[in-house]
Amino acid sequence: MTSQPLVLGIETSCDETGVGIVRGTTLLADAVASSVDEQARFGGVVPEVASRAHLEAMPATLTRALADAGVALADLDAIAVTAGPGLVGALLVGTATAQALTVATGKPLFAVNHLAAHVAVDRLAHGPLPQPAIALLVSGGHSSLLRVDDVTADMTALGATIDDAAGEAFSKVGRLLGLPFPRGPHIERLAVDGDPRAIDFPRGLTGQRDADRHRFDFSFSGLKTAVARWVELRQREGEPVNPSDVAAAFQEAVVDVLSRKAVDACRHEGVDHLLLGGGVAANSRLRAVLEDRCAAAGVVLRVPPPRLCTDNGAMVAALGAALVEAGRPASALGVPVDSAMPVERVGIG
């Protein structure tokens, strides 16, 4: 095997069917099929719908990735697949596909952690990861701060969401404002015309009493409730509600907390590199505020392109390639899925 392994990655943890192919840190293909239009009919992700969509999309998505990369299955050095966390039925579609490909090709299989893959994908944009680094992962299901000493073996959770994740809060507030699914991008667009200072929404777990127990944890449930109560009160009293101001003030509260805690984690750990990943990392306001605060703190911020922040097979392939390069052992053929896989567990043996 060469020092630049050719790895195919499969991602089916939620509603995106992703197949990516990388050679070392070079992206060759990133094919994604989304079931978002089907999910929109229900106002959110329905697990059974997602699983069926993965089954239907997988053959064409796999074929497209191989064609885009100009490689054959026989050329691969390894196959990587998301084994958790995520929706059980959706994960099973991906792992079953990867296991079938392993049997057909004889290539080693790496069953990996979805969150670790969001960290590893930065290799495709900026090369080898700095060691150590702090990673801020923000998505619909996760808001996490990690210390990453080695993405293939050594990641430590510093903090996580204790209720609603940031992306989940975006979705719930978007529903309150009558925005279509997926609601996060719609809130970002609506916020452009709003005043982030128009409403003073709370910043969860940032008070002095939270400094010891929850210094690096996140809580957005109270913020979501505060937005709902503010809107309901204005409507009950017959006062006008400016959706743009609500969106802007809500977004600013989320971004303020995420960026403040991320930079604080870098200072606390004595680490001068911050990696941003996950679907909410595509939010332009979060990127802008993090850039300013990292620059002021002397921290180098690394953020993948927006298309690599959302769920995709390329990030799984990137982690698979890192595992191969590090000489980590492959997974067993009958590897199970783990819908609640802890972030410290990079893969399943």
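Before any of the text, the structure's been laid out above.
Residues numbered from 1 in each chain as written. Predicted model: local features only at pLDDT ≥ 70, side-chain atom pairs only at ≥ 80, totals over all residues. Heavy atoms only, no water.

Caption draft 1: Representation of the layout of surface pockets in the model. Approximately 1,200 Å³ is the volume found for the largest pocket. Taken together, 40 residues form the lining of the largest pocket, with Asp15, Ser139, Gly140, Pro182 and Gly279 sitting closest to its centre. Within the residue set of the lining of the largest pocket, elements represented by two or more residues are strand E3 (26–34), helix H4 (114–120), helix H6 (166–176), helix H7 (183–191) and helix H11 (306–309). With six residues, H6 is the single largest residue contributor to the lining of the largest pocket. Among the residues forming the lining of the largest pocket, the class breakdown is 13 nonpolar, 16 polar and 11 charged. (1 Å grid on protein atoms, 1.4 Å probe; cavity = no way out; pocket = protein on both sides within 12 Å on 5 of 7 lines; lining within 4 Å. Points joined across faces, edges and corners; volume = space filled by probe spheres on them. Helix = DSSP H or I, 4+ residues; strand = E, 2+ residues; numbered from the N terminus. Nonpolar A, V, L, I, M, F, W, Y, C, P; charged D, E, K, R; others polar.)

Caption draft 2: Examining the sheet that holds strand E7 (residues 143–150) more closely. A sheet is described by the order of its strands in space; here five strands give the open sequence E8-E7-E6-E9-E10, paired in mixed fashion. Edge positions in the sheet fall to strand E8 (154–160) and strand E10 (300–302), since each of these pairs with one other strand and no more. Neighbour-to-neighbour, the strand axes of the sheet open up by a mean angle of 25 degrees, direction not taken into account. As defined by bridge partners, strand E6 (residues 133–138) adjoins strand E9 (residues 273–277) across four bridges and the pair is classed as parallel. When the bridges of E9 are listed, Leu136 appears paired with Leu276. (Pairing = 2+ DSSP bridges. Axes fitted to C-alpha atoms, helices over the stretch in contact; angles between N-to-C directions.)

Caption draft 3: Region of interest: the sheet that holds strand E2 (residues 16–23). Ordered in space as E3-E2-E1-E4-E5-E11, the six strands form an open sheet in which the pairing is mixed. In this open sheet, the two strands that pair with only one neighbour each are E3 and strand E11 (347–348). Where strand E5 (residues 109–113) meets E11, two bridges bridge the pair, whose relative direction is antiparallel. For Ala111, the partnering residue across the bridge sits in E11 and is Ile348. Here helix H12 (residues 313–325) sits on the sheet and contacts strand E1 (6–11), E2, E3, strand E4 (78–84) and E5; the angle it forms with E1, its principal contact strand, is near 135 degrees. (Contact = heavy atoms within 4.5 Å.)

Caption draft 4: Broad picture of the side chain of Gln99. Note on placement: Gln99 falls in helix H3 (residues 88–105). At 3.2 Å, the side chain of Gln99 and the backbone oxygen of Val335 are in polar contact. Look past the residues within four positions of Gln99 in its chain and what remains in contact with it is Leu109, Leu333, Gly334 and Val335. (Polar contact = N/O pair within 3.5 Å; in protein donor to acceptor, adjacent residues only side chain to side chain.)

Caption draft 5: Just the nonpolar core, in detail. Counting residues in hydrophobic clusters, the biggest one holds 48 residues, and the most contacted among them are Leu136, Phe250 and Leu274. For this core, the secondary-structure elements that each account for two or more residues are E6, H6, H7, helix H8 (221–236), helix H9 (243–269), E9 and helix H10 (284–297). Among the elements that take part in this core, H9 stands out by supplying 14 residues, more than any other. The residues contacting Phe250, other than those within four sequence positions of it, are Ala169, Phe170, Val173, Ile187, Phe201, Leu223 and Val227. One finds Val22, Ala314, Val316 and Leu319 within the second-largest nonpolar core, a separate group that totals 35 residues. (Core = buried A, V, L, I, M, F, W, Y, C linked by side-chain atoms within 4.5 Å. Buried < 20%, exposed > 50% of the residue type's maximum accessible area, 1.4 Å probe, protein only.)

Caption draft 6: Examining the packing of aromatic side chains more closely. Applying the stated rule across the entire model yields three aromatic pairs. Seen from their ring centres, Phe170 and Phe250 are 5.0 Å apart, and the 70 degrees between their planes marks the pair as edge-to-face. Separated by 80 residues along the polypeptide, Phe170 in helix H6 and Phe250 in helix H9 bring together distant segments of the chain. The class of Phe170 is buried, set by a relative accessible area of 4%. By relative accessible area, which is 0% here, Phe250 ends up buried. (Phe/Tyr/Trp six-rings, centres within 6.5 Å; stacked < 30°, edge-to-face > 60°.)

Caption draft 7: How the structure looks around the packing of H9 against H10. Here H9 crosses H10 at 30 degrees, and the two axes come no closer than 9 Å. Along this stretch, H9 crosses H10, giving a crossing that reads as right-handed. Taken together, the residues of H10 that come into contact with H9 (itself represented by Gln251, Glu252, Val255, Asp256, Leu258, Ser259, Arg260, Ala262, Val263 and Arg267) are Arg285, Leu286, Val289, Leu290, Arg293, Cys294 and Ala297. Class assignment for the residues of the contact of H9 with H10 results in nine nonpolar, two polar and six charged. (Left-handed = near helix turned anticlockwise from the far one by under 90°.)

Function cannot be read off these values alone, since they describe shape.
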